[in-house]
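# Chain and residue survey
Here is how the chains run, residue by residue.
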Amino acid sequence: ATIRVAVFVGSLRKDSFNRKLAKAVEKLAPGDFEFTHVRIDDLPLYNQDFDEDYPAEAKRLKQDVESADAVLFVTPEYNRAIPGVLKNAIDIGSRPWGTNSFAGKPAGVLGISIGAIGTALAQQHLRNTLAYLDMPTLGQPEVFMQMKDGLLDDDGNVGNDDTRKFLQDFVDRYVAWVRKQIG
Ligand code: FNR
C-alpha cells in the first residue's frame, strides 16, 4: 500500500531553500512513498476562540494530517527558532483540545539555512513541540544543511555527490523507520 507523508515546509517564500530540500528528499524516496505539501500560507492566526467553531482552512489542515501515515518537517531557522508560520500551523493542527491531529504520527525533521549551524537550534526547538504532541520523531541522522550555490534546484536535484549520499542515507533511514512505526 502507498505510504502517505504530509510535508510541512516552514517557509512561504517562492525560492525557499527548504522547499528545494523537501523536493530532493522526495526524489530520493521509494515509489510507494507519496509526499503531499500541506498548505499553511492561508491559515488564520490561531485563536482559542476557534475551538468552538473551527475555521474551514484549519479543518482542512487537520484533515491533511489525519489522512497521512507520517509527517516530514523541512524548516528554516528564524531567530534561533522555527518560523511563526510553521508554529501557527502546528498549533492549529493540535487543537481543539482533545483532537490533536498529530498524535502518534511518525515525524522526520530536517532543514537548511544560509548560516553555518544550518537550523540546528530551530530543529531542537521543534523537537520539543513534537515530543509534547506525542509524535515519535526520528533521532538520527540529523540534517543540518548550509545552502551553497548549485547545491539544490527546484526539481529536487542535488548538485554535490557527498550531499546526495548524505540525503539518501537520511531518506533510507526515515523510510525504514516509518515502515516500522506504522507496522
Ligand atoms: C533568518 N535566517 C536565519 N538563518 C539561520 O541560520 N539562523 C537564524 O536564526 C536565522 N534567522 C532569520 C530570521 C529571519 C526573520 C529571516 C528572514 C531569516 C536566514 C535564513 O537561513 C534564510 O533566510 C533562509 O533562506 C530561509 O529559508 P528558506 O526561506 O530559503 O527556506
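Quantities reported herein were computed from a predicted structural model and do not represent experimental measurements.

### Describing the overall build of the protein
The secondary structure content of the protein amounts to 5 helices and 5 strands. Counting from the amino terminus, the protein carries its helices and strands in the arrangement β-α-β-α-β-α-β-α-β-α. Radius of gyration (C-alpha) of the protein: 16 Å, near the 16 Å computed for a compact globule of 183 residues. When burial is assessed residue by residue, the protein has 36% of its 183 residues classed as buried. Sequence-distant contacts, at least 24 apart, represent 80% of the contacts inside the protein between residues at least 6 apart.

### Description of the site of the ligand
Around the ligand sit 13 residues, and of these S11, N18, P76, S113 and G115 come closest. Classifying every residue of the shell around the ligand by side-chain character gives 4 nonpolar, 6 polar and 3 charged.

### Looking at the packing of helix 2 (residues 56–66) against helix 3 (residues 84–94)
Close contact between helix 2 and helix 3 brings their axes to 9 Å; oriented N to C, the two are set at 80°. Relative to helix 3, the element helix 2 is oriented roughly perpendicular. Counting all contacts with helix 2, which are made through A58, L61, K62 and V65, the residues of helix 3 involved are A89, I92 and G93. For the contact of helix 2 with helix 3, a count of residues per class yields 5 nonpolar, 1 polar and 1 charged.

### Thoughts on the environment of K105
Residue position: K105 is located in the loop between helix 3 and strand 4 (107–113). Residue K105 is classed as buried on the basis of its C-beta count, with 25 C-beta atoms lying within 10 Å. Aside from chain neighbours lying at most four places away, what touches K105 is V65, A68, A70, V71 and M135.

### Quick look at helix 3
Looking at helix 3, one finds that the buried residues are L86, A89, I90, I92, G93 and S94. Along its buried surface, helix 3 packs onto strand 1 (3–9), helix 2 and helix 4 (120–132).

### Description of the sheet that holds strand 5 (residues 144–146)
With parallel pairing, 5 strands are arranged side by side in an open sheet as 2-1-3-4-5. Of all the strands in the sheet, just strand 2 (33–37) and strand 5 have a single pairing partner and so form its edges. Geometrically, the sheet is characterised by an average inter-axis angle of 25° between neighbouring strands, direction not taken into account. In this structure, strand 4 lies alongside strand 5, joined through 3 bridges in parallel fashion. Considered in strand 5, the bridge of S113 is made with Q146.

### Overview of unusual backbone geometry
The omega angle of the peptide bond from R95 to P96 is -5°, so this bond is cis rather than trans. Inspection of the secondary structure assignment puts P96 in the loop between helix 3 and strand 4. Even without being glycine, R80 reaches a positive phi, approximately 70°. Take R80: it is sitting in the loop between strand 3 (70–74) and helix 3. For R80, a count of 13 C-beta atoms within 10 Å gives the class partly exposed. Look at D134: it is not a glycine, yet its phi comes out positive at around 65°. Note that D134 resides in the loop between helix 4 and strand 5.

So, how was this worked out
Residues numbered from 1 in each chain as written. Predicted model: local features only at pLDDT ≥ 70, side-chain atom pairs only at ≥ 80, totals over all residues. Helix = DSSP H or I, 4+ residues; strand = E, 2+ residues; numbered from the N terminus. Rg over C-alpha atoms; globule rule 2.2 N^0.38 Å. Buried ≥ 20, exposed ≤ 12 C-beta atoms within 10 Å, placed from the backbone. Contact = placed C-beta atoms within 7 Å. Near = placed C-beta within 6 Å. Nonpolar A, V, L, I, M, F, W, Y, C, P; charged D, E, K, R; others polar. Axes fitted to C-alpha atoms, helices over the stretch in contact; angles between N-to-C directions. Parallel < 35°, antiparallel > 145°, perpendicular 65-115°, else oblique. Pairing = 2+ DSSP bridges.

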